[in-house]
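# Overview (structure and organization)
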Amino acid sequence: MRILPFLKNSTFYFLVIFAGTFLQVYWAMGFLSDNTSSHCLECSFFEDIFLYSILTGILLSLIFSFISKINNRFLKIAAELFFTAATWFFWNYEIFVDRESSWSTYLLTEELFATLYCSLFPILTMSVLVIFIINYRSILKRNETS
């Protein structure tokens, strides 16, 4: 009987995280959409971020399912924000390296700073939005019982 609520929450988490990941990566790294991928010359930018969004949705929905057991609301939201921002920064970095710096001569620090510069605002904005949407139901439930 406990599997149904788990699947329901995981599916909800997956859909929200998938959409948030897709929008964030496209917002932050969309200027590289016309650049050729260095690992796959035929791969489109859309295909890459679609795959990254699916992987992120699966990974973070599982992590968020375990994090949802935390009773401390501040700690729970901080953990969700950390995992979301870290994962998205990793994907943005991966896209930047694949579509920009691999075709040029960037140092590691230059890659990191360029990625941070392009993705700081989109990551902050979309991660707060995604975490709010995910936690909005629990906030409503707590207010109804009070």
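Everything below is about the structure shown above.
Summary of the structure given here. No experiment lies behind these values; they were computed from the predicted model shown.

### Things to note about the overall build of the chain
Within the chain one finds four helices and zero strands. Principal-axis analysis of the C-alpha atoms places the extent of the chain at approximately 55 × 25 × 20 Å. Put simply, the chain has 146 residues, and 36% of those count as buried. In the chain, 79% of the contacts between residues at least 6 apart in sequence involve partners at least 24 apart. Accessible surface, the chain: about 9000 Å² in total, of which carbon and sulfur atoms supply 71%. Each charge class in the chain was averaged separately, 9 positive and 11 negative side chains, and the resulting centres sit 27 Å apart.

### What to know about the state of the cysteines
Applying the stated criterion across every chain, the model contains one disulfide. Between Cys40 and Cys43 runs a disulfide, and the two sulfur atoms are separated by 2.0 Å. Looking along the S-S bond of the Cys40-Cys43 disulfide, the torsion reads about 80°, which is the right-handed sense. The exposure class of Cys40 is buried, given its relative accessible area of 19%.

### Some details on the nonpolar core
By size, the foremost hydrophobic cluster in this structure holds 13 residues, and its most contacted members are Tyr13, Ile17, Phe64, Trp88, Val130 and Ile134. Secondary structure elements with two or more residues in this core: helix 1 (3–29), helix 2 (45–67), helix 3 (73–99) and helix 4 (108–145). No other element matches the five residues that helix 4 contributes to this core. Sequence-distant contacts of Trp88, defined by excluding residues within four places in its chain, comprise Gly20, Thr21, Gln24, Thr56, Ile123, Met126, Ser127 and Val130.

### What to know about the packing of aromatic side chains
One pass over the full model with this rule turns up 14 aromatic pairs. With centroids separated by 5.7 Å and ring planes inclined at 55°, the aromatic side chains of Tyr26 and Phe45 adopt a geometry described as tilted. Remark: Phe45 occurs in helix 2 and Tyr26 occurs in helix 1; sequence separation between them is 19 residues. Cluster of aromatic residues (ring-pair linked, three or more members): Phe14, Phe18, Phe22, Tyr26, Phe45, Phe46 and Phe50.

### So, the environment of Ser65
One can find Ser65 in helix 2. For Ser65, a relative accessible area of 4% translates into the label buried. Sequence separation of Ser65 and Phe113 is 48 residues, and the distance between their C-alpha atoms is 32 Å.

### Considerations on helix 3
Compared with the 39 Å implied by 1.5 Å per residue over 27 residues, the 39 Å span of helix 3 between its first and last C-alpha is a close match. Sitting at the head of helix 3, Asn72 places a side-chain oxygen 3.1 Å from the backbone nitrogen of Phe74.

### Things to note about the environment of Glu111
Note on placement: Glu111 falls in helix 4. Counting along the chain gives 79 residues from Glu111 to Leu32, while the straight-line C-alpha distance between them is 14 Å. What Glu111 contacts, discounting residues up to four positions off in sequence, is Tyr93, Phe96, Val97, Ser101 and Tyr106.

Definitions and limits used
Residues numbered from 1 in each chain as written. Predicted model: local features only at pLDDT ≥ 70, side-chain atom pairs only at ≥ 80, totals over all residues. Heavy atoms only, no water. Helix = DSSP H or I, 4+ residues; strand = E, 2+ residues; numbered from the N terminus. Buried < 20%, exposed > 50% of the residue type's maximum accessible area, 1.4 Å probe, protein only. Contact = heavy atoms within 4.5 Å. Areas by Shrake-Rupley, 256 points an atom, 1.4 Å probe, with all protein chains shown as cover. Lys, Arg positive; Asp, Glu negative; His and termini not counted. Charge placed at Lys NZ, Arg CZ, Asp CG, Glu CD. Disulfide = S-S within 2.5 Å. Core = buried A, V, L, I, M, F, W, Y, C linked by side-chain atoms within 4.5 Å. Phe/Tyr/Trp six-rings, centres within 6.5 Å; stacked < 30°, edge-to-face > 60°. Expected span 1.5 Å × (residues − 1). Polar contact = N/O pair within 3.5 Å; in protein donor to acceptor, adjacent residues only side chain to side chain.

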